[in-house]
Amino acid sequence: MKIRTQLFLSGLMAMLVTAVAGGFAWDADRRARLSDQDLQHTQLVAQQVANLLVLTQEYANHFEPRAAQQWRQRHATLEDGLSKSFNDPELSSLAAQVARDHVKHLPGVFTRLAELGDQSRDNFTERRKQFLVDQLLTNTQVLADSAARWTTDSLHKQRLASQRYQTTQVAVLVAFLAMLLGQTWWLSRRVLVPLAELERATVAVEQGELGLRIASQAKNELGSLARQFNAMVAALDERTRQLRSEIDMRHQSERRIQMITDNMPALISYIDKEGRYQFANAYYQTIYGVASSSFVGKTVAETLGTEAYKALQPYLESAFRGEHVTFERSIVEKGNDVHFLVDYQPDLKEDGTVDGIYVMVLDITARKSAELKRAQSEDRIRAILTHAPDAFVGMDDGGLIVEWNRQAELTFGWKREEVLGRKVAEVIIPEEMRAAHEKGLERFKSSGTGPVINNRIEVEALHRDGHTVPAQMSIAAIMHNGGYAANAFLHDISESKASAAKLAAVQRRLQDVMNNIPAMIGYFDMDEHCRFANHAGLTFYGLKAEEANGMALSQIIGQANYEQHRPHLQKVLAGERSVLDGRIDLNGKTASFQAHFIPERSEGGLTQGFYIMTFDVSKLKEAERERAKVDQRLRTITDNLPVLISYIDQDRRLQFCNGTFKDWLGVDPKKAVGCHVRDIIGEPLYLQREAQMDQALSGENVRFEVSSEAIGTSRYLQTVYIPDQRQDGSVAGIYAMSTDVTELKKVEQQLSVLARYDSLTGLPNRRHFEEKLQEALDRSERLRQCVALLFLDVDKFKAINDTFGHGIGDEVLKEFALRLTKCVRKTDTVARLAGDEFVILLEGLHTMEEPQFVARKIIGTMGFPFEVAGRVLAVSTSIGIAASDAVGVIPARLLALADEALYQAKGAGRNTFRSINLP
Amino acid sequence: MNFQLRIAHFAVLALVLISVQTRAGELTFGVSRTPLSLPIYVADELGYFRSEGVAVTLQECVGGHRCLAAVLDGRADIATSADTPIMFRSFDSADFYVIATLATTADDVKLIARKSAGIKDPAGLSGKTVGVVLGSSSQYFLDSCLLLNGIDPKSVSTVPMQPEQATMLLQSKKVDVAAVWEPFGYQASKALGSEAALVPNEGIYKLSWNLVAHRKIVRVRDNDLAALLRAIRRANQYIEQSPKEAQSILRRRLAVDQGLIDWVWPHLRFGLSLDQMLLKTLESQARWAMQEGHVAPRKPPNYLRVLYEAPLQQVDPRAVAFIR
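The model shown is predicted, which means the values in this text are computed figures rather than measured ones.

**Remarks on the sheet that holds strand E11 (residues 520-525) of chain A**
All names here are of chain A.
Then step 1. Strand order in the open sheet formed by 5 strands is E12-E11-E15-E14-E13, with antiparallel pairing between adjacent strands. Whereas interior strands pair on both sides, the edge strands pair on one side only; in this sheet they are strand E12 (530-533) and strand E13 (578-586). Put simply, the sheet's adjacent strands are angled 25 degrees from each other on average, direction ignored.
Then step 2. Across 9 bridges, strand E14 (residues 589-601) lies against strand E15 (residues 607-616) in antiparallel orientation. Looking across to E15, one finds that Gln-594 is bridged to Phe-615.
Then step 3. Packing of helix H19 (residues 559-573) onto the sheet brings it into contact with E13, E14 and E15, and relative to E14 it is tilted by some 20 degrees.

**Re the packing of aromatic side chains**
Then step 1. By the definition in use, this model includes 26 aromatic pairs over all chains.
Then step 2. Summarising the aromatic geometry, the rings of Tyr270(A) and Tyr358(A) are spaced 5.0 Å apart at their centres and angled 65 degrees between planes, so their arrangement reads as edge-to-face. With Tyr270(A) in strand E1 (residues 266-272) and Tyr358(A) in strand E5 (residues 354-363), this residue pair connects regions lying 88 residues apart in the sequence.
Then step 3. For Tyr270(A), a relative accessible area of 15% puts it in the buried group.
Then step 4. The exposure class assigned to Tyr358(A) is partly exposed, which follows from its relative accessible area of 43%.
Then step 5. Judged by centre distance (5.0 Å) and plane angle (80 degrees), the ring pair of Tyr140(B) and Tyr205(B) falls under edge-to-face. Of the two residues, Tyr140(B) sits in helix H6 (residues 137-148) while Tyr205(B) sits in the loop between strand E9 (196-198) and strand E10 (207-214), which places them 65 residues apart along the sequence. Here Tyr140(B) matches Tyr205(B) in class, with each residue buried.
Then step 6. Through a chain of ring-to-ring contacts, three or more aromatic side chains come together here, namely Phe131(A), Phe88(B), Tyr140(B), Tyr205(B) and Trp288(B).
Then step 7. Over the aromatic face of Phe866(A) sits the side chain of Arg819(A), whose NZ or CZ is 4.0 Å from the ring centroid.

**Focus on the environment of Ala148(A)**
Then step 1. Structurally, the position occupied by Ala148(A) is in helix H5 (residues 123-206).
Then step 2. In sequence terms Ala148(A) and Val45(A) are 103 residues apart; their C-alpha atoms lie 9.0 Å from each other.

**With respect to the interface of chain B and chain A**
It is common to report an interface's size as the accessible area lost on association of the parts.
Then step 1. In this assembly, 33 residues from chain B lie in contact with 27 residues from chain A.
Then step 2. In total, about 2,700 Å² of surface goes out of reach between chain B and chain A, with carbon and sulfur atoms giving 51% of it.
Then step 3. At the junction of chain B with chain A, the criterion picks out 5 salt bridges.
Then step 4. Asp152(B) is the partner of Arg127(A) in a salt bridge, and the nearest nitrogen-oxygen pair spans 2.9 Å.
Then step 5. Between chain B and chain A we count 13 residue pairs in polar contact (both at pLDDT 80 or more) in total.

**A closer look at the environment of Leu569(A)**
Residue and element names in this part refer to chain A.
Then step 1. With respect to the helices and strands, Leu-569 occurs in helix H19.
Then step 2. By relative accessible area, which is 1% here, Leu-569 ends up buried.
Then step 3. Along the sequence, Leu-569 and Phe-597 sit 28 residues apart, while their C-alpha atoms lie 7.5 Å from each other.
Then step 4. When residues no more than four places from it in sequence are discounted, the contact partners of Leu-569 are Glu-528, Leu-553, Tyr-562, Phe-597, Phe-610 and Ile-612.

**What to know about unusual backbone geometry**
What you tend to see is this: most non-glycine residues have negative phi, and most peptide bonds are trans.
Then step 1. The peptide bond linking Glu182(B) to Pro183(B) adopts the cis configuration, its omega dihedral lying at 10 degrees.
Then step 2. For Pro183(B), the position within the fold is in the loop between strand E8 (177-180) and helix H8 (184-192).
Then step 3. Even without glycine at this site, Arg652(A) takes up a positive phi of about 60 degrees.
Then step 4. Inspection of the secondary structure assignment puts Arg652(A) in the loop between strand E16 (643-649) and strand E17 (654-657).
Then step 5. Not every positive phi belongs to a glycine, and Lys796(A) is a case in point at roughly 55 degrees.
Then step 6. Note that Lys796(A) resides in the loop between strand E21 (786-794) and helix H27 (797-804).
Then step 7. Overall, Lys796(A) belongs to the exposed group, its relative accessible area being 57%.

Cut-off values and rules
Per-chain numbering applies: the sequence of each chain, read as written, is numbered from 1 onward. To label them, take the chains in the order written and letter them from A, then take the ligands in the order written and number them from 1. Reporting in this predicted model follows two pLDDT cut-offs: at least 70 for local features of residues, and 80 or more for side-chain atom pairs to be given and counted; totals over whole chains, interfaces and linings ignore these cut-offs and use all residues. To get the side-chain values, all heavy atoms of the structure are used, and hydrogens and water are removed first. Paired strands are those between which DSSP finds at least two bridges. Only DSSP runs of H or I covering at least 4 residues are called helices, and only runs of E covering at least 2 are called strands; the numbering of each starts at the N terminus. Throughout, an axis means a line fitted to C-alpha atoms (over the contacting stretch in the case of helices), and angles, computed between N-to-C directions, take values from 0 to 180 degrees. Two residues qualify as a contact provided that any one of their heavy atoms is within 4.5 Å of a heavy atom in the partner residue. Stacked, tilted and edge-to-face pairs are distinguished by plane angle, under 30 degrees for stacked and over 60 for edge-to-face with tilted covering the rest, among Phe, Tyr and Trp rings (Trp via its six-membered ring) whose centres lie within 6.5 Å. Per-residue accessibility, obtained with a 1.4 Å probe over protein chains only, is compared with the maximum for each type, and a residue is labelled buried under 20%, exposed over 50%, and partly exposed between these values. A ring is considered to have a charge above it if a Lys NZ or an Arg CZ atom is located within 6 Å of its centre and within 35 degrees of its normal. Accessible area that two parts lose when put together, with a 1.4 Å probe and added across both, is what the buried area reports. By definition, a salt bridge exists where a carboxyl oxygen of Asp or Glu is found within 4 Å of a side-chain nitrogen of Lys or Arg. Two N or O atoms count as a polar contact when they lie within 3.5 Å, although within protein this holds only if one can serve as hydrogen donor and the other as acceptor, and sequence-adjacent residues are included solely when both atoms are side-chain atoms.

Now the structure itself:
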């Protein structure tokens, strides 16, 4: 808050406090005055009541009219005094109210008493007078008591008002004091303290303490003043720092300039217009051996001597006239020549007058010496040129020979001295070339360019003896006196020419060979453009060598033929070899060819182009076709035989299978070739044959019978595997042939049923069992013994058959039958009814429970794993028991009961038995 | 009486003794059911007795004369009573003290007449049958009225009654007039309806409503009495500051309507005191009682001995305004 606002609020508060305190004081004063008045009034009333009491008693005693008159007067005054009411409820008293209640009744009583007078007529009047007097006195006493209480109350109130007045006075005083103190404290804290701080800060800034800041956060004028002060001091501080930094920089700059000038290997000085040194760098001391400061204030003549001054005087005068003067000066010092480059730069004022001269004297002795060395170097170059292995001919812009080295003498037969100054054209350019040379020279003179400039070209140069010399020439143009001169290097290439001729002869021979072989050979670049074609190729396509060169492959061989080539072209362009067996229609006939694509690689391995070598293979193809016809005839025969014929290689892949595969197995013979046998006939059928296949592949002839189911038909196959043995005895594959013998087998089975024993297990068959059962029932009835029938089957036998095939299934049944026979007595009958259904007939039993022991034994025995054809299988059985000791049991009834019990055992989760007894 | 019965009697006695002992600290306060008892109801309602440290059990009675009888019978320790019963009982008993005047009123007792009896003013009372509560302010008020108006009380036939019987007596025309205090005057007036007539009086009888304490607790339990008076003084302040709320308490306690309150309120003056006036009133009434033959003529008691000012002195010295 702003101090202005705060001051205003403070003033407002002071006014408020004054008003409130004044209000309180006024109120206290008013109350005190009112209570004073009240007290006086009550005292007056009390006095009047006392007088009334006295008058009442007087009148009651003597009944004097004077007393009555006075009583009435006094009562009127009293009533008037009591009726005065006070607005302030605090000042109205209960006692006053009581008094007012009673004062009005008094005259009635007094009048009645007065009427009675002092005569005593009778007893009632006497009693009444006595009562009235008593009433009058009592009521007056009430008044007196009320007045007294009223006075006491008023006195009390007056004391209270007085105390309140005093308290208010003190409170007002204290409030004023507190306000004064508060305002003083506030003024000091909010104004004086910040002002003092500001003053201290100002003094500190005056004394150069620019880092000082006032830590005031107050949001008032002083706070804002403090912040402005801080900002001002910060700006001042920043500016001071900048100034210091600038001064430092300037000092540094001066030091640097001084250092630079001092370290420059030149005399640098400033001479004023009086001709006196104003500044001389440290190099003066190096050169003159006296402190450079000693030059300051002295003239040139005084410091360098009169002689030197005389030499310099004209230049100095020119410089003082305002000219920039540069000149070289040489002196001999310690026997050596010392060279100087002197530079006078006038210090011109704005009006053009000269204020002084900047002098810079450079020691150029070293440069001079370098120039000398360069001249020597040129001599050396010339010597090198003289002994260079190439002929060097220097020519000026006029085409005259200016240089002719030793190799030029050897190459062209002219001595250096003989040709210098002569025209190049006359000396080494054959006559027929001279006109062109002259023409080119004209252009070269003006522009420095020409077809032979900056190029290595082969030319024929003229020898002194008139023959031409093949030479490789390179010419460089050099600027000379505003025109162009030329330096030519010529290298005799007679020998390399001879080598090239030899190479060409070899190439020719190679081409002859290529042209005479019975194949078309062509070389193509990466864009498939022909770069070479041999004679056979050109003849075949009716082209000349020139026509073929650069011609596209597709154009040469025709678009149709090109399409055959295309995939191989992609390969060869990618750097791979490839072979195409192609066909082409030729004069209405189809010819076969074989094209070889060979990439040509650079030394770095990159493909640069490719060769195509094409042979005619029509005859070979004809032979192949003949063979295929024979194959087809053979296949037709095998396909129509009602047997499966196949050839299985070492990896058990089908290499051949006849059409019967399609009829019997639903396998397409063409697609089957190359596939694994397992993938073609399926896992179950493969497992049926795997062992036999192993045997055949080990070199044995194998013959076996197996029942297979494929595409919904079950066949009994008789199969023969004949190994295909190589000369070294190893087996290349198997010839396999399977014949369908199902019909034969059916007949066999019928025969078995007709027989009394099961052909697979050797157990009694159903027919035999039925006979035995009837016999056993008859016997037991006769001997009064129990008979029991056990009905068994193999749990989940169908799954075994489906998974492992009928062969394995049969083996399981055999093992099952064997284990059953071991579980019963020799006198008991075990029979196979059909499939996996078996029955056991137990005779001569003592109890009906006996068969259950047998059943437990059988289940235990079957718990051991079955090892069948190298496999381990878990097999279990369910058993239904029907036992009877009854008379006249029908065999079918007993069998039905056993079947029912078996059904229950299966329902109970298999691998268990259930028993039903016939009563 | 056999042994077992004796044991039972002893047990009952023991229980009573224990209960009396445990209640020894409490003061039994016989309070008359009248608007004048308002400060006591307020103090009780607002818990002033408890907060002042005195345990008080209120025992309501109809009429101060009965409450005073309860004190004298030992059924109460303190009681409210008008001056008249005090005057009467002081002739034959010195077992009680007046410790303070609670309130005064000039219009508590009223003469309610039947219009059909033809009473228009006090002069009409002559020869009429008047129901009066003997030994109470009712009796004094009736005589005051008669004497003031020049009628010999002997010319009026009085029927002794209890205040609650007034309505019934008027309705059954057994009396022509009933001298009865509030709230029975109001109730009778209401019950009679247009038949009721209020006999005018000049209000010369200033009734004082006093606190009477049994001798056995005076001086012995002055502190408790002082605490009791402090509670009543606070109640008086409350009545003065919150008249509406005080009236509400009165309505609830007496089970009366606002009509009664409006009827009596302007004449009620609540304030603790012990004044010369009381002495004068008692003496004056004693003379009347003897003169009118209500009490056999004898030397009246010194009423200074009936007043006991110490507890009030302790509470408010200014309230005591008589010299001993």
